[in-house]
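Examination of the molecular architecture
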Protein chains: 2
Amino acid sequence: MTVWDRPEPPIRPVPLDRERIVAAAIALADEGGLGAVSLRKVAARLNAGPMRLYGYISTKEELFDLMVDEAQAEILPDEQPGDWREALRVLAHRTRRTALRHEWLADLLGGRPTLGPNGLAVTEATLAALDGLADVDTVMRAVETVSAYFTGAIRREIANLRAERATGLSKRDWQRASGPHVTRMLATGRFPALAKAVYDGTDVDAETSFATGLDWVLDAVAAKLKSGDAGSAVD
Amino acid sequence: MTVWDRPEPPIRPVPLDRERIVAAAIALADEGGLGAVSLRKVAARLNAGPMRLYGYISTKEELFDLMVDEAQAEILPDEQPGDWREALRVLAHRTRRTALRHEWLADLLGGRPTLGPNGLAVTEATLAALDGLADVDTVMRAVETVSAYFTGAIRREIANLRAERATGLSKRDWQRASGPHVTRMLATGRFPALAKAVYDGTDVDAETSFATGLDWVLDAVAAKLKSGDAGSAVD
DNA sequence: CTCATGCCAATACACTGTATTTCTTCATTA
DNA sequence: TAATGAAGAAATACAGTGTATTGGCATGAG
């Protein structure tokens with residue numbers, strides 16, 4: 001590796017902006033998880049020194065916030081279906097798909113309020129879906145409930161996914177026979193209902209399970225919308 | 001601080017076990033959050049060198065797993081109510097209270113499968129509450145849905161709590177006027193539904209909101225139990 | 001041409017999780 | 001009783017982290 005092989009270092013520092021920084025961080029996280037995101041590595045990927053980043057963010061947490069907001073752009077559908085139920089369903093499923101594309105999102109989802117432009121847009125879309133179908137408070141409660149459900153469900157799905165990957169076993173095999181610890185615990189007889197669930201339950205794929213639970217929750221919302229629309233008559 | 005003030009160092013190394021280690025870690029986390037838990041600090045609190053911990057755990061992640069399991073012991077009620085609905089409600093509320101006592105739990109909840117003895121016991125209790133009221137698969141779906149809801153809700157609640165603490169503003173004041181960023185965003189008119197929710201919505205305390213959403217989800221479960229109990233007739 | 005200003009890079013610090021090496025202490029055996 | 005072995009604790013070491021501080025250098029104005 002002589003001098004001639006090495007390219008001359010750039011005369012002027014490479015231009016930087018938040019967009020590039022966030023993109024680099026996301027790339028790192030997509031490849032190696034959140035743990036693979038370090039300010040040094042992000043900067044290196046942009047041919048910059050670590051300290052340059054502090055002109056654009058003032059803490060690593062802020063970088064994470066920007067990453068989340070960027071990911072939330074992928075959640076917004078091109079156009080909102082008119083049917084509120086369909087609209088909420090789509091938003092939930094798109095969130096799930098986004099988290100499956102960017103698994104690190106599961107570690108961040110719900111961890112801090114999302115106040116970025118895209119985060120607000122997602123909230124807006126969710127609220128808009130129910131706007132006018134009931135009084136404001138009922139709508140808020142509905143939105144909270146639905147999103148609590150799907151963030152929780154997504155987090156668990158990805159946690160299981162990782163566990164499966166780590167052990168090389170499907171959740172099923174792993175609980176049933178090959179997971180020595182779980183098998184031993186179930187054999188003690190102290191967890192009869194759990195044992196029954198593990199051995200007698202048919203396992204459904206994650207998407208179906210997600211969709212089923214979501215439908216239940218939406219059913220509940222539907223029921224409340226009917227009884228809680230006092231506000232719409234007043235306006 | 002002369003030699004005479006200082007106690008002699010212990011001749012024999014202080015005895016250690018997982019229980020003590022986990023207790024020390026939990027104490028640290030209770031005081032300063034998960035970030036305050038480092039193997040060095042945990043060990044120091046036990047008058048031991050950091051490396052001694054590796055006889056009891058083989059990675060920091062494992063320590064977290066043990067902490068979660070220990071916290072889950074606080075979730076289990078002394079006795080289970082007979083009514084399935086009441087049983088699930090109690091489990092959810094106890095989980096919430098535990099997370100409020102140990103806020104770090106919110107960072108870990110749902111992040112990994114909980115396979116410790118107490119984690120399994122919690123799952124068992126949840127499944128047991130619904131055992132026999134519907135076929136196994138319906139019961140599993142119900143348990144998944146309910147716990148997805150409350151883990152998601154708890155996580156968000158604690159995220160908001162932290163944000164309030166950090167800014168010194170109640171969520172309300174903060175959205176309404178004093179949070180310059182949010183105010184500015186709402187003023188753009190791009191988030192009409194959100195603005196309406198913020199300005200016209202009455203704010204309820206976190207517990208009520210939690211309880212309300214939970215009731216909705218339980219309503220949904222109740223509906224499905226009625227229609228999905230094919231299994232109980234077969235056995 | 002000189003000087004001031006703003007930015008970038010380098011250095012520095014305190015701390016992390018964990019691998020490896022060194023030392024101490026006790027039980028066992030000769 | 002002395003020597004030897006094993007075990008387990010301690011110390012050291014390493015590569016990495018987020019971020020504060022310092023130093024230099026290129027570009028603008030006067």
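Calculation criteria
Residues numbered from 1 in each chain as written. Chains lettered and ligands numbered in written order. Predicted model: local features only at pLDDT ≥ 70, side-chain atom pairs only at ≥ 80, totals over all residues. Heavy atoms only, no water. Helix = DSSP H or I, 4+ residues; strand = E, 2+ residues; numbered from the N terminus. Expected span 1.5 Å × (residues − 1). Buried < 20%, exposed > 50% of the residue type's maximum accessible area, 1.4 Å probe, protein only. Contact = heavy atoms within 4.5 Å. UniProt positions renumbered as here; feature names shortened; annotations may be inferred. Phe/Tyr/Trp six-rings, centres within 6.5 Å; stacked < 30°, edge-to-face > 60°. Lys NZ or Arg CZ within 6 Å of the ring centre and 35° of its normal. Near = heavy atom within 4 Å. Polar contact = N/O pair within 3.5 Å; in protein donor to acceptor, adjacent residues only side chain to side chain. Nonpolar A, V, L, I, M, F, W, Y, C, P; charged D, E, K, R; others polar. Core = buried A, V, L, I, M, F, W, Y, C linked by side-chain atoms within 4.5 Å. Least-squares fit on C-alpha atoms with pLDDT ≥ 70 in both. Buried area = accessible area lost by both parts, 1.4 Å probe. Salt bridge = Lys/Arg side-chain N within 4 Å of Asp/Glu carboxyl O. pLDDT = per-residue confidence, 0-100. Lys, Arg positive; Asp, Glu negative; His and termini not counted.

Topic: helix 11 (residues 206-227) of chain B
Along its 22 residues, helix 11 of chain B runs 32 Å from first to last C-alpha, staying within 8% of the 32 Å computed at 1.5 Å per residue. Listed as buried for helix 11 of chain B are B:Ser209, B:Phe210, B:Gly213, B:Leu214, B:Trp216, B:Val217, B:Leu218, B:Ala220, B:Val221, B:Ala222 and B:Leu225. The inward-facing, buried residues of helix 11 of chain B abut helix 7 (136-167) and helix 11 (206-227) of chain A together with helix 4 (84-101), helix 6 (117-130) and helix 7 (136-167) of chain B.

Remarks on the UniProt feature "DNA-binding region" (unreviewed entry) in chain A
Sites flagged by UniProt as "DNA-binding region" (unreviewed entry) map to residues 38-57 of chain A. Regarding residues 38-57 of chain A, the helix share stands at 35% and the strand share at 0%, and the terminal C-alpha atoms are separated by 13 Å.

Some points on the packing of aromatic side chains
Using the criterion set out here, one finds 2 aromatic pairs over all chains in the structure. The ring of A:Phe210 is capped by A:Arg96, whose NZ or CZ atom sits 5.7 Å from the centre of that ring.

A few points about the protein's contact with DNA strand C
Residues in close proximity to DNA strand C total 15 residues, the closest being A:Arg52, B:Arg40, B:Met51, B:Tyr54 and B:Lys60. Here DNA strand C approaches the protein such that, of its atoms within 4 Å, sugar and phosphate make up 58%. Between DNA strand C and B:Leu39, the relevant distance is 3.0 Å, taken from a phosphate oxygen to a main-chain nitrogen or oxygen of the residue. A total of 3 residues in the surface near DNA strand C trace back to one element, the largest contributor, which is helix 2 (residues 39-45) of chain B. When its residues are assigned to classes, the surface near DNA strand C shows 6 nonpolar, 3 polar and 6 charged.

Comments concerning the protein's contact with DNA strand D
What surrounds DNA strand D is a group of 14 residues, the closest being A:Ser38, A:Arg40, A:Met51, A:Tyr54 and A:Lys60. In this structure, A:Ser38 approaches DNA strand D through a side-chain N or O atom, which is 2.9 Å from a phosphate oxygen. Between DNA strand D and the protein, one listed contact pairs a base nitrogen with a side-chain N or O atom of B:Arg40 at 3.5 Å. Residue contributions to the surface near DNA strand D peak at 3 residues, all from helix 2 (residues 39-45) of chain A. A per-class count over the surface near DNA strand D returns 6 nonpolar, 3 polar and 5 charged.

Focus on the nonpolar core
Within the largest apolar cluster, 135 residues are counted, with the highest numbers of intra-cluster contacts made by A:Met67 and B:Met67. Ranked by residue count, the leading element in this core is helix 7 of chain A, at 12 residues. Residues contacting B:Met67, with those up to four places away along its chain left out, are B:Val22, B:Ala25, B:Ile26, B:Ala29, B:Leu34, B:Val37 and B:Trp104.

Notes on the relation of the copies chain A and chain B
With an RMSD of 0.0 Å, the operation that places chain A on chain B is a rotation of 180° combined with a shift of 0.0 Å along the axis. Such a combination of turn and shift is consistent with a two-fold rotation axis. Counting the interface residues of chain A, we find that 100% of their copies in chain B are interface residues as well, pointing to one common contact surface.

Some details on the environment of A:Thr183
As for its placement among the helices and strands, A:Thr183 is situated in helix 9 (residues 180-187). Note: C-alpha distance between A:Thr183 and A:Ala195 (12 residues apart in sequence) is 9.2 Å.

A short note on the interface of chain A and chain B
Contacts between chain A and chain B engage 60 residues on the former and 60 residues on the latter. Buried surface at the junction of chain A and chain B, both sides included, amounts to about 4,900 Å², of which 67% is carbon and sulfur. Ranking the residues of chain A by area buried against chain B places A:Arg141, A:Arg155 and A:Trp216 at the top, with a combined share of 15%. Where chain A meets chain B, there are 4 salt bridges. Between A:Asp219 and B:Lys224 there is a salt bridge, with its nearest N and O atoms 3.0 Å apart. Inspection of the chain A/chain B interface yields 20 residue pairs in polar contact (both at pLDDT 80 or more). Those elements giving two or more residues to the side of chain A that touches chain B turn out to be helix 5 (104-108), helix 6 (117-130), helix 7, helix 9, helix 10 (192-200) and helix 11 of chain A. In terms of residues, the side of chain A that touches chain B owes the most to one element, helix 7 of chain A, which gives 19 residues. Looking at the side of chain A that touches chain B, its residues break down into 31 nonpolar, 15 polar and 14 charged.

Things to note about the confidence of the model for chain A
Predicted confidence across chain A gives a mean pLDDT of 91, with 90% of residues reaching 70 or more. The low-confidence segment residues 231-235 of chain A, where pLDDT is below 50, has 2 contacts with residues more than four positions distant or belonging to other chains.

Re the side chain of B:Glu124
Position of B:Glu124 relative to the elements: it lies in helix 6. No salt bridge is formed by the buried B:Glu124. Its closest oppositely charged neighbour is A:Arg190, at 9.5 Å. Setting aside residues no more than four positions away along its own chain, B:Glu124 makes contact with A:Arg190, A:Phe191, A:Pro192, A:Ala193 and A:Leu194.

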